[in-house]
Amino acid sequence: RQVESLVGLLFSITRPALLATVTAVSALFGFFSALVLLPFWIFYALRHERQALNWFYGLWPVQWQDDVRAIVHIIDRTFGAYIRGQLFLGVVIGTATGLAMWAIGLAQPLVLGLIAGVLELVPLLGPILSFLVIAIVALATDADKLLAVAIAFIVIQQLENNLLVPRVQGRAVQFNPAIVMLLLVIGGAIWGLLGTLLVVPIAAACRDVYRYLYHRLREAELANHSNGQQLD
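Residues numbered from 1 in each chain as written. Predicted model: local features only at pLDDT ≥ 70, side-chain atom pairs only at ≥ 80, totals over all residues. Heavy atoms only, no water.

**Some remarks on the packing of helix H4 (residues 109–119) against helix H5 (residues 125–141)**
Here is step 1 of the chain: Interhelical geometry of H4 versus H5 gives an angle of 160° and a closest axis separation of 8 Å. By the angle class used here, H4 and H5 are roughly antiparallel. Crossing hand, H4 versus H5: right-handed. Contacts between H4 and H5 involve Leu112, Ile115, Ala116 and Leu119 from the first element and Gly126, Leu129, Ser130, Val133, Ile134 and Val137 from the second.
Here is step 2 of the chain: When its residues are assigned to classes, the contact of H4 with H5 shows eight nonpolar, two polar and no charged. (Axes fitted to C-alpha atoms, helices over the stretch in contact; angles between N-to-C directions. Helix = DSSP H or I, 4+ residues; strand = E, 2+ residues; numbered from the N terminus. Parallel < 35°, antiparallel > 145°, perpendicular 65-115°, else oblique. Left-handed = near helix turned anticlockwise from the far one by under 90°. Contact = heavy atoms within 4.5 Å. Nonpolar A, V, L, I, M, F, W, Y, C, P; charged D, E, K, R; others polar.)

What follows is the structure, encoded as structure tokens:
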């Protein structure tokens, strides 16, 4: 009975950690699966882009089609700028991290740089996650190099935040960091890791579309008002 009680106690203690580990592994597997499938989806989407857009525009009334085209252009511009910026940051940060880990003498610097570059796609939280992963590797292989790893990350992040991010993402998103953090929490809670990747450009596109529709409605109201005055 004592053995059974001890086993039950150990199971009740370790169960939350096991569930959290399984959930995290499943989320990471889904995330990397999406990254693998994304290039194939982009290839087929671009291959039939013109036919798909013409079919989509044809679903709307003729008098609305110009506005629909403008909205699609806004969304495409916002997502395109954001994705290009994130990919560029991922390449730069991944390369810098790999070189820094190689200079420090950490094992598998190429793999660590690749991990840092991929996690850079996650806004704001990506650098923290990559540091945690590389810090765990440093602790497991050579704990004496953990301080050098931390210093290297601080230097890289300072250069990124002060030089790269304002130039690359300033035009694409133009959100306050506090708003970005809130969006990441909401996106992660609803869609998981994929939500953290998509919620910021979706919110930026919705903001720009709202601005466009607001100005269009204002123009329509002013035009109707002017026509009413002329008739009077």
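**Things to note about the nonpolar core**
Proteins that are soluble and globular tend to have nonpolar side chains buried together.
Here is step 1 of the chain: Among the nonpolar cores identified, the biggest contains eleven residues, and these are Ile93, Ala100, Met101, Leu106, Leu112, Ile134, Ala138, Val149, Ala152, Phe153 and Ile156.
Here is step 2 of the chain: Elements represented by at least two residues in this core include exactly helix H3 (65–104), H5 and helix H6 (146–168).
Here is step 3 of the chain: Ranked by residues supplied to this core, first place goes to H6 with four residues.
Here is step 4 of the chain: Setting aside anything within four residues of it in sequence, one finds Ala138 in contact with Leu106, Ala143, Leu146 and Val149.
Here is step 5 of the chain: Tyr82, Val173, Leu183 and Leu184 belong to the second largest nonpolar core, which has eight residues in total. (Core = buried A, V, L, I, M, F, W, Y, C linked by side-chain atoms within 4.5 Å. Buried < 20%, exposed > 50% of the residue type's maximum accessible area, 1.4 Å probe, protein only.)

**Quick word on unusual backbone geometry**
Here is step 1 of the chain: Backbone geometry places Gln108, a non-glycine residue, at a positive phi of 55°.
Here is step 2 of the chain: Counting through the fold element by element, Gln108 comes out in the loop between H3 and H4.

**A look at the side chain of Asp208**
Here is step 1 of the chain: Summarising the element assignment, Asp208 is placed in helix H8 (residues 193–231).
Here is step 2 of the chain: Residue Asp208 is classed as buried on the basis of its relative accessible area of 15%.
Here is step 3 of the chain: Those residues within four positions of Asp208 in sequence are excluded, and the remaining contacts are Ile74, Arg77 and Thr78.

Fair warning: the whole summary comes from geometry, so function is off the table for now.
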